[in-house]
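The chain contents come next:
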Amino acid sequence: MSGKLRRAWPIVKALLWLLILFMIGRQFARDLHRPELGHHSLHSGWLVLSGLLYLLGLSLSALYWNRLLGHLGARPPLAAALRAYYIGHLGKYLPGKAWAVLLRTNLVRGYGVSAGLAALTSFYEVLTTMAAGVLVAAVLFAVLGADAGAGLNADTLRQLLCLEQPAEGGLQRPVVVLLSLLLFVAIVVPLQPAVFNRLAHRLSLPFRERDAAELPRIRFAYLLEGLAFTAVGWLLLGASFAAALRGVVGDSWPLLDVRTARLPAIMGLSYVIGFVVLIAPGGLGVREFLLTLLLTPELVGVEGMDQEQARGTVVLAVLVLRLVWTAAELLAALVCRFALLSERGASAP
């Protein structure tokens, strides 16, 4: 980092924090003015549990990132890695997908982790987490998926690309399984060590000194470990979704039911598609459309709801879920930020 950039960096970080808070605040303001929130009683205890389960699910990805750093020779304190992960997670609300990685990289550099290694492992962890999400979706949809809904045809594909709700409501099992598998293959192929190590080497050449050491190499065991860790995280995100539904619908939403068992799959597929749409900050819009599409059939019949009533309830549930998750992310990031400032203050002479 050059001298001028080093001196300006504290100002840049402060402005970036203000921008992130502005983006989140604007989204909160929009959501809180939605009329659905005023026409339904919410169960706060379940919503708090949903937020806690969400943060716990994210922690599996953070733990894998920390372990990946250790495999490649860097061993920052676990608390420092968790702080960098949770604070960096807010970067997803900015346009583009690189801000979260940049924030995380900067926050962990002071613990013996080079910028290149932090960026390399952050990028690998993010893709591994996304791959695990659609892998969980493919398995659960294949075993527990419903056969009702739009079939596999050109009209369904056109409607999905245009973010239009199919007239049949929902998607059949072959559609969601195939979509999940295609996404898994598209993400996991670049993660293969033979591919990823070569790409990382070539892309880093313009930024490395001629006599610099080669980048650490990813091994296949690290990929399998990451898929296992983050798959558990996706199951926890599904549990968070179930708690949010209980917070909206009440006891009418069954916890021990095949519909609840499908929630990690619905969440994984919707979230990953939102991630790969680069123009959507945090997957906003795309993720909510898919959640509404896939979850509406699950609520038909709950409390005697028909298709239209179920869709309205899903819109509310998705809105509440977004509020809960964003609030949980912001609270976790602020706690981590204050902890970091306290640590730096205590170490100052």
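Every chain is numbered independently, its residues counted from 1 as its sequence is written. At least 70 in pLDDT is required for a residue's local features to be given in this predicted model, at least 80 for side-chain atom pairs to be given and counted, and no such filter applies to totals for whole chains, interfaces and linings, which use all residues. Note that water and hydrogens are dropped before the side-chain values are worked out from all heavy atoms of the structure.

1. Some thoughts on the overall build of the protein chain
Point 1. A run of H or I in DSSP becomes a helix once it reaches four residues, and a run of E becomes a strand once it reaches two; helices and strands are each numbered from the N terminus. When helices and strands are counted, the protein chain shows 13 helices and 0 strands.
Point 2. Going from the N terminus to the C terminus, the protein chain shows its helices and strands as α-α-α-α-α-α-α-α-α-α-α-α-α.
Point 3. Think of it in three bands: with a 1.4 Å probe and only protein chains considered, a residue is buried below 20% of the maximum accessible area for its type, exposed above 50%, and partly exposed in between. The buried share among the 349 residues of the protein chain stands at 52%.
Point 4. Contacts in the protein chain between residues far apart in sequence, at least 24 positions, make up 76% of those at least 6 positions apart.
Point 5. For the protein chain, the computed accessible surface area is about 16,500 Å², with 68% contributed by carbon and sulfur atoms. It only takes one pair of heavy atoms within 4.5 Å for two residues to be counted as in contact. Computed with a 1.4 Å probe, the accessible areas rest on the Shrake-Rupley method; for each residue, only the protein chains presented here act as cover.

2. Concerning helix α12 (residues 286–299)
Residues separated by three or four positions in an α-helix point in the same direction, a consequence of the helix having 3.6 residues per turn.
Point 1. The span expected for a helix works out to 1.5 Å for each residue beyond the first. Taking 1.5 Å per residue, 14 residues should reach 20 Å; α12 reaches 20 Å between its end C-alpha atoms and fits that length.
Point 2. When the local axis directions of α12 are compared, the greatest deviation, roughly 25°, occurs at Leu293, which is followed within four positions by the proline Pro297. Each residue is assigned a bend, namely the angle between axes fitted to the seven residues that terminate at it and the seven residues that start at it.

3. A few points about the pattern of salt bridges
Point 1. Here, a salt bridge means any side-chain nitrogen of Lys or Arg that lies within 4 Å of a carboxyl oxygen of Asp or Glu. Considering all chains together, one arrives at 5 salt bridges under this definition.
Point 2. Between Asp257 and Arg259 there is a salt bridge, with the nearest N and O atoms lying 3.0 Å from each other.
Point 3. Arg262 is paired through a salt bridge with Glu298; the nearest N and O atoms lie 2.9 Å apart. One end of the pair, Arg262, is in the loop between α10 (258–261) and α11 (263–276); the other, Glu298, is in helix α12, with 36 residues separating them in the sequence. Summarising the burial analysis for this pair, Arg262 and Glu298 share the class buried.

4. A closer look at helix α2 (residues 44–71)
Point 1. Between the first and last C-alpha of α2 there are 41 Å, a value that for 28 residues agrees with the 40 Å anticipated at 1.5 Å per step.
Point 2. Two residues or fewer past α2, Gly73 is found with a positive phi of approximately 105°.

5. Quick notes on the side chain of Ser270
Point 1. Relative to the assigned elements, Ser270 resides in helix α11.
Point 2. One polar contact links the side chain of Ser270 to the main-chain carbonyl oxygen of Ile266, over a distance of 2.8 Å.
Point 3. Not counting residues within four places of it along the chain, the set of residues in contact with Ser270 comprises Arg287, Leu290, Leu291 and Leu294. The term polar contact refers here to a pair of N or O atoms within 3.5 Å; inside protein, the definition further demands a hydrogen-donor-capable atom paired with an acceptor-capable atom, and it admits residues adjacent in sequence only when both atoms are side-chain atoms.

6. With respect to the packing of helix α9 (residues 220–249) against α11
Point 1. Two numbers describe how α9 lies on α11: the axes approach to 8 Å, and their chain directions differ by 105°. When the axis of α9 is compared with that of α11, the two are roughly perpendicular. Touching Trp234, Leu235, Leu237, Gly238, Phe241, Ala242 and Leu245 of α9 are Leu263, Pro264, Ile266, Met267, Gly268, Tyr271 and Val272, all from α11.
Point 2. The classification used treats Ala, Val, Leu, Ile, Met, Phe, Trp, Tyr, Cys and Pro as nonpolar, Asp, Glu, Lys and Arg as charged, and all other residues, Gly among them, as polar. Residue composition of the contact of α9 with α11, by class: 12 nonpolar, 2 polar and no charged. Structural elements are reduced to axes, namely lines fitted to C-alpha atoms, with helices fitted over the stretch in contact, and the angle between N-to-C directions of any two is expressed from 0 to 180 degrees. Working definition: roughly parallel below 35 degrees, roughly antiparallel above 145 degrees, roughly perpendicular at 65 to 115 degrees, and oblique for all remaining angles.

7. Notes on the packing of α2 against helix α3 (residues 78–88)
Point 1. Interhelical geometry of α2 versus α3 gives an angle of 120° and a closest axis separation of 9 Å. Taken together, the axes of α2 and α3 lie oblique to each other. Considering how the two elements wind past one another, α2 and α3 form a crossing that is right-handed. Taken together, the residues of α3 that come into contact with α2 (itself represented by Leu55, Leu58, Ser59, Ser61, Ala62, Leu63, Trp65 and Asn66) are Leu78, Ala81, Leu82, Ala84, Tyr85 and Tyr86.
Point 2. Taken together, the residues of the contact of α2 with α3 break down into 11 nonpolar, 3 polar and no charged. Crossing handedness follows the turn of the near helix against the far one: under a right angle anticlockwise gives a left-handed crossing, and clockwise gives a right-handed one.

8. What about the environment of Ala118?
Point 1. Looking at the secondary structure, you find Ala118 in helix α5 (residues 115–144).
Point 2. Overall, Ala118 belongs to the buried group, its relative accessible area being 0%.
Point 3. Between the C-alpha atom of Ala118 and that of Ala74, which follows or precedes it by 44 residues, the distance is 9.1 Å.

9. Notes on the nonpolar core
Point 1. The term nonpolar core refers to a set of buried residues drawn from Ala, Val, Leu, Ile, Met, Phe, Trp, Tyr and Cys, joined through side-chain atoms within 4.5 Å. Formed by 91 residues in total, the largest nonpolar core has its most connected members in Trp234, Phe241, Met267, Leu269 and Leu299.
Point 2. It is helix α13 (residues 307–347) that provides the largest number of residues to this core, a total of 14 residues.
Point 3. Not counting residues within four places of it along the chain, the set of residues in contact with Leu269 comprises Val134, Ala137, Phe141, Val176, Leu179, Ser180, Leu183 and Leu294.

10. Here's the deal with the confidence of the model for the protein chain
Point 1. With 71% of its residues at a pLDDT of 70 or more, the protein chain shows a mean pLDDT of 79.
Point 2. Confidence scores labelled pLDDT are given residue by residue by the predictor and lie between 0 and 100. Ranking the elements of the protein chain by mean pLDDT puts helix α1 (residues 3–32) last, at 55, and α2 first, at 95.
Point 3. The model gives residues 279–283 a pLDDT under 50, and that stretch makes 13 contacts with residues more than four places away or in other chains.

11. Comments concerning the packing of aromatic side chains
Point 1. Put simply, two rings from Phe, Tyr or Trp (the six-membered ring, in Trp's case) pair if the centres are within 6.5 Å, and we call them stacked under 30 degrees between planes, edge-to-face over 60, tilted for the rest. Scanning the entire structure with this criterion turns up 5 aromatic pairs.
Point 2. With centroids separated by 4.7 Å and ring planes inclined at 75°, the aromatic side chains of Tyr124 and Phe196 adopt a geometry described as edge-to-face. With a gap of 72 residues between them, Tyr124 in helix α5 and Phe196 in helix α8 (residues 193–204) connect regions that are remote in the sequence. Considered together, Tyr124 and Phe196 belong to a single accessibility category, that of buried residues.
Point 3. Of the aromatic side chains, those joined through ring pairs into one cluster are Phe123, Tyr124 and Phe196.
Point 4. A ring is scored as having a charge over it whenever the NZ atom of a lysine or the CZ atom of an arginine sits within 6 Å of its centre and within 35 degrees of its normal. In this structure, Arg104 packs its charged tip against the face of Trp65, placed 4.7 Å from the ring centre.

12. Focus: a nonpolar patch on the surface
Point 1. Exposure above 30% relative accessible area and no salt bridge define the residues that can form patches, which grow by joining like charges within 9 Å and nonpolar side chains of Val, Leu, Ile, Met, Phe, Trp and Tyr within 5 Å. Judged by side-chain polarity, Val185, Val189, Val195, Leu199 and Leu203 come together as a nonpolar surface patch covering roughly 420 Å² of accessible area.
Point 2. Looking at the nonpolar patch, the elements that each hand over two or more residues are α7 (173–191) and α8.
Point 3. The dominant element in the nonpolar patch, judged by the number of residues it contributes, is α8, at 3 residues.
Point 4. You can see Val189 is positioned in helix α7.
Point 5. Val189 sits in the partly exposed class, given a relative accessible area of 41%.

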